[in-house]
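Analysis of the macromolecular model
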Amino acid sequence: LARRPRRRGVFEVWVLRTTSSYSNLGLLTLPYEDVLVIEQIATPSLISIWNETHPDEAQVHVGDRIVLVNDVSGAEPMLAEIQDHRPNSFLRLVLEPAPDSLASKICRNLTCQILADDARGGYQGGC
């Protein structure tokens, strides 16, 4: 019998922002209602390092939703909190895993966007 993967629940990610080159959080997000939906994870970054050192149920995946940043809620205030880069400060993210259908839809949409950008002469966005 094949084992079913363990269903992930709400989880927290704690990262320390330093002055090093790895202080980039590495997330491309999309504000949606009161959350930030993760569209892309850059490498190397604080989140890619987190993912390498934690089990799958605690890893950040495309499609996951950030619902709280350092006790701040709401898409725009959370984005401002993430962008407030204070060296040697902790960043606490509370995430809800995306339904499998949402994650695959975001991946398909992102792939289509990258292909369209390439056709126009290169990717115009960035992390």
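Up top you'll find the structure we're talking about.
Below: a short report on this structure. Position numbers for residues start from 1 in each chain and track the written sequence from start to end. Only residues with pLDDT of at least 70 get local features here, since the model is predicted, and only at 80 or more are side-chain atom pairs given and counted; chain-wide, interface and lining totals rely on the full set of residues. Only hydrogens and water are set aside when side-chain values are computed; all heavy atoms of the structure are taken into account.

A word on the sheet that holds strand S3 (residues 35-41). In this analysis, strands are considered paired if DSSP registers two or more bridges between them. What counts as a helix is a DSSP run of H or I of at least four residues, what counts as a strand is a run of E of at least two, and both are numbered from the N terminus. With antiparallel pairing, the 5 strands of this open sheet are ordered in space as S1-S5-S4-S3-S2. Looking along the sheet, the strands with just one partner apiece sit at the ends: strand S1 (11-17) and strand S2 (27-32). With direction set aside, neighbouring strand axes in the sheet form an average angle of 40 degrees. Bridging between S3 and strand S4 (residues 65-69) involves 2 bridges; their strand directions are antiparallel. All axes are obtained by fitting lines to C-alpha atoms, using only the stretch in contact for helices, and the reported angles, taken between N-to-C directions, cover 0 to 180 degrees.

Once that is clear, we can look at the pattern of salt bridges. We count a salt bridge whenever a side-chain nitrogen from Lys or Arg sits within 4 Å of a carboxyl oxygen from Asp or Glu. Counted under the stated rule, the structure contains 3 salt bridges. Note that Glu12 is salt-bridged to Arg92, the shortest N-O span being 3.1 Å. Note that Glu12 is positioned in strand S1 and Arg92 in strand S5 (residues 89-96), a separation of 80 residues in sequence. Exposure remark for Arg92: the relative accessible area of 16% places this residue in the buried category. In this structure, Glu96 engages Arg65 in a salt bridge whose closest nitrogen and oxygen atoms are separated by 3.4 Å. You can see Glu96 sitting in strand S5 and its partner Arg65 sitting in strand S4, a full 31 residues away along the chain. In this structure, a network of salt bridges that share partners links the residues Glu12, Asp71 and Arg92. Only protein chains enter the accessibility calculation, which uses a 1.4 Å probe; a residue whose area is less than 20% of its type maximum is buried, one above 50% is exposed, and one in between is partly exposed.

The subject of this paragraph is empty space enclosed by the protein. With a 1 Å grid spanning the protein atoms alone, the term cavity applies to any set of points in which a 1.4 Å probe fits but cannot get out, the term pocket to an open set with protein on both sides within 12 Å along at least five of seven lines, and the term lining residue to any residue with an atom within 4 Å of a point. Grid points are joined across faces, edges and corners, and a volume is the space filled by probe spheres set on the points. Following the criterion strictly, the structure yields 1 cavity of 30 Å³ or more and no others. If you add up the space inside the largest cavity, you get close to 30 Å³. Lining the largest cavity, in full, are Arg17, Asn70, Asp84, Arg86, Ser89, Phe90 and Leu91. Examining the composition of the lining of the largest cavity, we find that 3 residues originate from one element, S5, more than from any other. Classifying every residue of the lining of the largest cavity gives 2 nonpolar, 2 polar and 3 charged. Each residue gets one label: Ala, Val, Leu, Ile, Met, Phe, Trp, Tyr, Cys and Pro are nonpolar, Asp, Glu, Lys and Arg are charged, and the others, such as Gly, are polar.

Pairing geometry for S2 and S3, over 6 bridges, is antiparallel. If you follow Leu28 over to S3, its bridge partner there is Gln40. The hairpin turn running from S2 into S3, its antiparallel successor, is 2 residues long, and Glu33 in that turn takes a positive phi close to 55 degrees.

To continue, consider unusual backbone geometry. Cis peptide bonds are those with omega within 30 degrees of zero, and the linkage from Thr43 to Pro44 qualifies with -5 degrees. Inspection of the secondary structure puts Pro44 in the loop between S3 and helix H1 (46-52). In this model, Glu33 sits at a positive phi of 55 degrees, which is unusual for a non-glycine residue. Among the structural elements, Glu33 can be located in the loop between S2 and S3. Residue classification places Glu33 among the exposed residues on the basis of a relative accessible area of 65%. Even without a glycine there, the phi angle at Asp71 is positive, about 65 degrees. Of note, Asp71 is situated in the loop between S4 and helix H2 (75-83). Taking relative accessible area as the criterion, Asp71 reaches 62% and is therefore assigned exposed.

That's the geometry; what it means functionally is another story.
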